[in-house]
Amino acid sequence: MRILILGGHGFMGRHLQQVLKSTPHVVTCVSRADGVDLRDYAQTLACFQHLNPDAIFNFAAHVGSVHYVSSRAADVLADNLRMTLNIYQAAQSACPKARIINPLSNCSYPGDADIHLEDDWWAGQVHESVYAYGNYKRFVYVTARCFSKQFGVDSVNLLVPNTFGPGDSPDPNKTHALNGMIIRMIQSRNAGKDEFEIWGTGKPVREWAYVEDVVALLGLALHRESPLVEPVNIAQNRGYSIRESAEMIAEEIGFKGRLVFNTQYQDGALRKVLDDRRFRSMFPDFQFTDHREGIRKTVAYYETVL
Ligand SMILES: NC(=O)c1ccc[n+]([C@@H]2O[C@H](COP(=O)([O-])OP(=O)(O)OC[C@H]3O[C@@H](n4cnc5c(N)ncnc54)[C@H](OP(=O)(O)O)[C@@H]3O)[C@@H](O)[C@H]2O)c1
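Residues numbered from 1 in each chain as written. Predicted model: local features only at pLDDT ≥ 70, side-chain atom pairs only at ≥ 80, totals over all residues. Heavy atoms only, no water.

1. Describing the domain arrangement of the protein chain
You can read the domains of the protein chain as domain 1 (2-163 + 209-233) and domain 2 (166-206 + 238-271 + 291-305). Measuring from the centre of the C-alpha atoms in domain 1 to the corresponding centre in domain 2 gives 27 Å. Between domain 1 and domain 2, the residue contacts involve 17 residues of the former and 16 residues of the latter. Where domain 1 abuts domain 2, roughly 1,300 Å² becomes buried across the two surfaces, and 52% of that area is made up of carbon and sulfur atoms. Counting across the domain 1 and domain 2 interface gives zero salt bridges. Counting the contacts that link domain 1 with domain 2 gives two residue pairs in polar contact (both at pLDDT 80 or more). Those elements that place two or more of their residues in the side of domain 1 that touches domain 2 are helix 1 (11-21), strand 7 (162-164) and helix 7 (211-220). For the side of domain 1 that touches domain 2, the element with the highest residue contribution is helix 1, accounting for three residues. Its residues assigned to classes, the side of domain 1 that touches domain 2 comprises six nonpolar, eight polar and three charged. (Domains from an automatic or database assignment. Contact = heavy atoms within 4.5 Å. Buried area = accessible area lost by both parts, 1.4 Å probe. Salt bridge = Lys/Arg side-chain N within 4 Å of Asp/Glu carboxyl O. Polar contact = N/O pair within 3.5 Å; in protein donor to acceptor, adjacent residues only side chain to side chain. Helix = DSSP H or I, 4+ residues; strand = E, 2+ residues; numbered from the N terminus. Nonpolar A, V, L, I, M, F, W, Y, C, P; charged D, E, K, R; others polar.)

Here you go:
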């Protein structure tokens, strides 16, 4: 198979490359670093015509921390909508049989939802803190559905929880929440600080997924016989409060200072846990990495790059 990973040099893309390395597939990664800006339709089309992929992992996105996607909401929305339409239009024109695999985000669930059930995905507004990013992910689904309906373009949509693990950016403003906390806490420890500040109360519960688990599951989408347009959660139905995760990080890095919760900052949604019934019926034997073990491996990575 010819496989194209859009955004393939990013956090998830690099891990997927590792997974696919031992397979006979021909894998190509494309991003602006390779001279392809997916916001530009002509460049996107030329790339797809040249590579003629059988499958496309749609990992390219304008994304960052919650603060980043909130403060740059218009840029985040505009860039991601352009890329999404360009990818689908170019695929329909150049490689209409290619399967497009989309990692949607649990940020696209209603902000006030407690347990995230696929049937309720549209049942309310995306949380204000991730309004642009979450709505863009809903738009990916709408695009997949329309291009399936009119042109038969094949998509697999999986709803991915907050993902962490080795290989993400060392810049805490660019990384996703848990990696950002690991980076900042290692920096505090190295600077000999006796306090570590956490924004908010530490009470919000989040479901986390270790990056190697996520890419392994996305990789399985290559072997599905049928498309999966209606999104399914990658889910464990298990969350950890920010405080619990922070305490695990502190233990793993040997930070002896105090964890201080600054309640002047917004908490964001109070609970985000994904219902796992559909996931379990599709992947009954899948074993997720234990949360502490994932933190341990991530800490080991950041200890070498910071
Ligand atoms: N990490 C998570 O917690 C998480 C959770 C749920 C879903 N997801 C989704 O999973 C996908 C991958 O996430 P990630 O964490 O790997 O992101 P990432 O590390 O930020 O990587 C994004 C990639 O997109 C490329 N890109 C950005 N703008 C582009 C453009 N205009 N044209 C071409 N390429 C562009 C970037 O490369 P250049 O800068 O070289 O262009 C980069 O390689 C995204 O769709 C994200 O929304 C991630």
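2. Digging into the sheet that holds strand 3 (residues 55-58)
Pairing within the open sheet is parallel, and its six strands lie in the order 2-1-3-4-6-11. Of all strands in the sheet, those with a lone pairing partner are strand 2 (26-30) and strand 11 (228-233), marking the two edges. Averaged over all adjacent pairs, the angle separating strand axes in this sheet is 20°, with direction ignored. With three bridges connecting them, strand 3 and strand 4 (residues 99-105) associate as parallel partners. The residue of strand 4 that forms the bridge with F57 is I101. Packing of helix 1 onto the sheet brings it into contact with strand 1 (2-6), strand 2, strand 3 and strand 6 (154-160), and relative to strand 1 it is tilted by some 160°. (Pairing = 2+ DSSP bridges. Axes fitted to C-alpha atoms, helices over the stretch in contact; angles between N-to-C directions.)

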